[in-house]
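Observations on chain architecture
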Amino acid sequence: MTGFPFARVVAIGEAMVEMAPIGGDQYRRGFAGDTFNTAWHLSQTLADRATTAFASRIGTDPLSSDFAASLAADGLDTSALARDPQRTMGLYLIELDGVERSFHYWRGQSAARHLADDPEWLAQTFADTGLIHLSGITVAILSATARQNLLDALATARRHGTKVSFDPNIRPALWSSVTEVRETIPAFLEVTDIALPSFDDEQANWQDPDPQAVLDRMSALGVREVVVKNGAGPVVLRSDDGDDSIDPPPVEGIRDTTGAGDAFNAGYLAARFLGHAPGAAVRHGQAMSAEVIRHLGARLPAGSVPRLPAVD
Ligand SMILES: Nc1ncnc2c1ncn2[C@@H]1O[C@H](COP(=O)(O)OP(=O)(O)O)[C@@H](O)[C@H]1O
Ligand SMILES: [Mg+2]
């Protein structure tokens, strides 16, 4: 846990009910969401070496209760799941046209949109935490006031030594304009210790010519550790160890790239949490996402996530 003051990790964001096609007009119900996928793989990797909490707001309905129960069954800390009697979880449905997948969302009224309404809840959730992970999706779904609450809570946590990791995960459909993204994301990068962007998202929003430009832009905002994912291309990173570029291992039998970035984040963060250097952590992130893209869905089967030894 080099550099992380407490053996507790919190990922904060939205999880949704997922309806995945299983043939004809039949669907299998699951749960997914970027920060949730990352929390789940982090929890499986860290296991009993740290507490991993998923922080969000869900309903009091049976579906929300099933979600909380499934988290607890998989070993996550559910104490940061706030319950909202007026609202429910968002839902999305996957439509298959051959191998092409399209996603249909019903998330406009979700409880998660209110996850940062209460500054006291945020302070409690972030207390005694080694690492907080969030994404641009976490931020996109919030009101302006809630965004400010979240920024303030992250700044306070950092003053207590908590590290913050942030994946901008820019989804244009969740933002009113490119201007809104450009005005909001940098403020979150200013309270970030570890940035985990994907090159295609950044290029689309900021016209970055290459991954190096993403490193430069984010380190200019004061982020000490920047790791740029780029699909099958090399991961480029900047950290206290300097700059590096690391090719992913060749991956045979890719079935579904959904969740590749979320799994990478979990592998990277787990390795850093266990004391591995940034370069080694990139390799672990790449290994984690290589496994995920060889499986259908955004998460590996429970129990099959590779364990990683800690560094003393
Ligand atoms: N086609 C691919 N071949 C090999 N590795 C891949 C491929 N696509 C994704 N990955 C792995 O998953 C990681 C994250 O994928 P990426 O597509 O960059 O993220 P995101 O899902 O956020 O867009 C990459 O750094 C790489 O290790
Ligand atoms: Mg991504």
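This section reports on the structure supplied with the text. (Residues numbered from 1 in each chain as written. Chains lettered and ligands numbered in written order. Predicted model: local features only at pLDDT ≥ 70, side-chain atom pairs only at ≥ 80, totals over all residues. Heavy atoms only, no water.)

Turning our attention to the nonpolar core. The biggest cluster of nonpolar side chains holds 45 residues, and the ones touching the most others in it are Ile-12, Leu-122, Phe-126, Leu-134, Leu-150, Leu-154 and Phe-188. Tallying contributions element by element places helix H5 (residues 144-159) first for this core, with 6 residues. When neighbours within four sequence positions are excluded, Leu-150 is seen to be in contact with Ala-116, Leu-122, Phe-126, Leu-134, Thr-138, Leu-142 and Phe-188. Listed in part, the 23 residues of the second largest apolar core include Leu-46, Val-235, Phe-264 and Tyr-268. (Core = buried A, V, L, I, M, F, W, Y, C linked by side-chain atoms within 4.5 Å. Buried < 20%, exposed > 50% of the residue type's maximum accessible area, 1.4 Å probe, protein only. Helix = DSSP H or I, 4+ residues; strand = E, 2+ residues; numbered from the N terminus. Contact = heavy atoms within 4.5 Å.)

Another aspect to go through is the packing of aromatic side chains. This model, assessed by the stated rule, comprises 9 aromatic pairs. The structure contains a cluster of three or more aromatic residues connected by ring pairs, namely Phe-31, Phe-36, Phe-54 and Phe-67. It is Arg-299 that lies over the ring of Trp-40; its NZ or CZ is 5.2 Å from the centre. (Phe/Tyr/Trp six-rings, centres within 6.5 Å; stacked < 30°, edge-to-face > 60°. Lys NZ or Arg CZ within 6 Å of the ring centre and 35° of its normal.)

For the rest of this paragraph, the subject is helix H3 (residues 119-126). Looking only at H3, the buried set comprises Trp-121, Leu-122, Thr-125 and Phe-126. Taken around the axis of H3, the buried residues stretch over an arc of 120 degrees, which confines them to a single face. Along H3, exposed side chains directed more than 90 degrees from the buried face belong to Glu-120 and Gln-124. Tucked into the core, H3 has its buried residues touching strand E1 (8-12), strand E4 (51-59), strand E5 (81-84), strand E8 (131-135) and H5. N-capping of H3 is provided by Asp-118, with a side-chain oxygen placed 3.0 Å from the backbone N of Glu-120. One or two steps after H3, the chain reaches Asp-128, where phi turns positive at roughly 50 degrees. (Arc of directions from axis to C-beta. Polar contact = N/O pair within 3.5 Å; in protein donor to acceptor, adjacent residues only side chain to side chain.)

In this section: the layout of surface pockets. Quantified by volume, the largest pocket comes out at close to 1200 Å³. Surrounding the largest pocket, 44 residues form its lining, Thr-257, Thr-258, Gly-259, Ala-260 and Gly-261 being those nearest its centre. Of all the secondary structure elements, the ones that give two or more residues to the lining of the largest pocket are strand E2 (16-23), helix H1 (34-46), strand E7 (100-106), helix H7 (199-206), helix H9 (260-273) and helix H10 (278-293). Residue composition of the lining of the largest pocket, by class: 20 nonpolar, 13 polar and 11 charged. In this structure, the second largest pocket spans a volume of roughly 580 Å³. Taken together, 23 residues line the second largest pocket, and the ones lying closest to its centre are Glu-18, Ala-20, Arg-28, Leu-296 and Gly-297. Those elements that place two or more of their residues in the lining of the second largest pocket are E2, strand E3 (26-32), H1 and strand E6 (91-97). Considering each element in turn, the lining of the second largest pocket owes the most residues, 5 residues, to E3. Grouping the constituent residues of the lining of the second largest pocket by class yields 12 nonpolar, 4 polar and 7 charged. (1 Å grid on protein atoms, 1.4 Å probe; cavity = no way out; pocket = protein on both sides within 12 Å on 5 of 7 lines; lining within 4 Å. Points joined across faces, edges and corners; volume = space filled by probe spheres on them. Nonpolar A, V, L, I, M, F, W, Y, C, P; charged D, E, K, R; others polar.)

With that settled, the discussion passes to the site of ligand 1. Not every one of the 14 residues close to ligand 1 is listed here, only the nearest: Ser-198, Lys-229, Gly-231, Gly-261 and Ser-289. The separation between an oxygen atom of ligand 1 and a polar main-chain atom of Asn-230 is 3.4 Å. Taking Ser-289, its side chain carries an N or O atom lying 3.1 Å from an oxygen atom of ligand 1. Within the complex, the protein chains bury 82% of what would otherwise be the 550 Å² of accessible surface of ligand 1. (Near = heavy atom within 4 Å. Areas by Shrake-Rupley, 256 points an atom, 1.4 Å probe, with all protein chains shown as cover.)

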